[in-house]
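# Understanding the architecture of this molecule
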Amino acid sequence: MKVFKKVLNFYIQSSIHVALSVFALVQITDCMFQIPMDQAVAYFAFFGTIVGYNFVKYDSVVRTKKLQIRNSLKAIILFSLFSFIAVGYFFFQLQRITQIVSVAFLVLTLLYTLPFFPNRRNARNWAGVKIYIVALCWVGVTLGLPILNAEIAITSDFYLKCVQRFLLIFILILIFEIIDLANDDPHLQTVPQQIGVKRTKILGYILTIIFYFLEFLKTNFDQKQLIVNLILVSSIAFFLLFANEKRSKYYTSFWVESIPIIWWLMLLLIQ
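In this report, the structure presented in the accompanying data block is examined. Predicted model, so just to flag it, every value in this text is computed and none were measured.

This paragraph deals with the overall build of the chain. Counting its secondary structure elements, the chain contains 12 helices and zero strands. Listed N to C, the secondary structure of the chain is α-α-α-α-α-α-α-α-α-α-α-α in terms of helices and strands. Residue pairs at least 24 apart in sequence account for 74% of intrachain contacts in the chain once pairs closer than 6 positions are excluded. Just so you have it, the chain exposes about 14,900 Å², and 68% of that area is on carbon and sulfur atoms.

Below, the structure is given as structure tokens:
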């Protein structure tokens with residue numbers, strides 16, 4: 001049991017799970033826009049997420065040496081270095097325009113992590129900004145990059161999917177912010193800190209309804225997709241309903257982050 005818990009903790013703490021969620025969203029984009037199988041973007045997004053998230057989580061610890069680097073953290077750093085090499089390999093498999101846009105998201109990630117301006121905090125600590133930066137990055141990587149790399153014409157469906165994807169990530173982050181409310185710096189001005197947990201949940205429910213009904217605005221919506229999306233928003237509403245500060249870290253870091261993976265698997269079943 002201890003071995004299983006150690007493996008699970010490494011799986012989560014090394015950002016493999018969240019990277020798999022990003023990978024799943026890229027696959028969903030390929031499915032929705034009927035993009036021919038090209039795994040370069042998917043693997044670039046997967047390994048890039050591992051590098052980016054681990055950099056955000058552990059950069060300050062390693063750079064300032066606030067804590068003694070444990071063996072588990074050393075393993076994560078080593079795994080991140082391997083992922084960085086993989087990112088470089090898949091980066092050169094991408095189209096030029098995709099490379100340029102991906103670099104733009106890299107800069108945004110660095111801005112989110114590092115204090116570029118003297119006596120200023122990084123973007124992660126800017127009041128109320130965190131949720132929008134994270135959601136924007138997820139939309140760009142999981143939706144924008146696959147479309148650009150496949151050289152697919154931008155239509156109204158693309159913009160519709162961008163709004164849906166942004167709403168999905170925004171809602172999932174709301175759940176994270178509710179769980180982390182007791183530990184978050186008050187200066188972050190997260191949504192629950194600003195409007196309270198009850199109103200945050202109501203906002204989440206409203207956004208899930210908007211997410212679902214946006215599907216009807218597609219040029220050709222699929223009835224099977226509507227059923228899948230109904231299951232999806234019902235699952236999100238369930239996790240949102242029972243979210244509170246006393247929940248285990250696995251509630252969000254494993255179960256909530258599994259939602260995109262479950263969505264992908266459901267789409268595979270209806271193919």
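Back to the text.
The subject of this paragraph is the packing of aromatic side chains. Tallied over the full model, the rule gives 23 aromatic pairs. Pairing Phe10 with Phe79 gives two aromatic rings, centres 6.1 Å apart and planes at 65°, and the pair type is edge-to-face. Here Phe10 is found in helix α1 (residues 2-13), whereas its partner Phe79 is found in helix α4 (residues 71-91), with 69 residues between them in sequence. Phe10 gets classed as partly exposed once you look at its relative accessible area, which sits at 30%.

For Leu73, the location among the structural elements is in helix α4. Using a relative accessible area of 6% as the deciding quantity, one classes Leu73 as buried. Sequence-wise, Leu73 and Ser14 are 59 residues apart; in three dimensions their C-alpha atoms are separated by 8.6 Å.

What tends to happen in soluble globular proteins is that the nonpolar side chains get buried as a cluster. Of all hydrophobic cores here, the largest spans 73 residues; its most connected members are Ile175 and Trp263. Elements represented by at least two residues in this core include exactly α2 (16-32), α3 (39-64), α4, α6 (130-149), α7 (156-179), α9 (197-213), α10 (223-241) and α12 (259-269). In terms of residues, this core owes the most to one element, α7, which gives 14 residues. The residues contacting Ile175, other than those within four sequence positions of it, are Ile236, Phe239, Leu240, Ala243, Tyr251, Thr252 and Val256.

Before going further, it helps to examine the packing of α7 against α9. The description of two packed helices rests on the angle between their axes and on the distance between the axes. Between α7 and α9, whose axes approach to 10 Å, the crossing angle comes to 160°. Here α7 lies roughly antiparallel to α9, going by the angle between them. As α7 packs across α9, the resulting crossing turns out to be left-handed. Residue-level contacts link Gln164, Leu167, Leu168, Phe170, Ile171, Leu174 and Ile178 of α7 to Val197, Thr200, Lys201, Leu203, Gly204, Leu207, Thr208, Ile210 and Phe211 of α9. Here the residues of the contact of α7 with α9 are counted per class, giving 11 nonpolar, four polar and one charged.

Cut-offs used in this document
Residues numbered from 1 in each chain as written. Predicted model: local features only at pLDDT ≥ 70, side-chain atom pairs only at ≥ 80, totals over all residues. Heavy atoms only, no water. Helix = DSSP H or I, 4+ residues; strand = E, 2+ residues; numbered from the N terminus. Contact = heavy atoms within 4.5 Å. Areas by Shrake-Rupley, 256 points an atom, 1.4 Å probe, with all protein chains shown as cover. Phe/Tyr/Trp six-rings, centres within 6.5 Å; stacked < 30°, edge-to-face > 60°. Buried < 20%, exposed > 50% of the residue type's maximum accessible area, 1.4 Å probe, protein only. Core = buried A, V, L, I, M, F, W, Y, C linked by side-chain atoms within 4.5 Å. Axes fitted to C-alpha atoms, helices over the stretch in contact; angles between N-to-C directions. Parallel < 35°, antiparallel > 145°, perpendicular 65-115°, else oblique. Left-handed = near helix turned anticlockwise from the far one by under 90°. Nonpolar A, V, L, I, M, F, W, Y, C, P; charged D, E, K, R; others polar.

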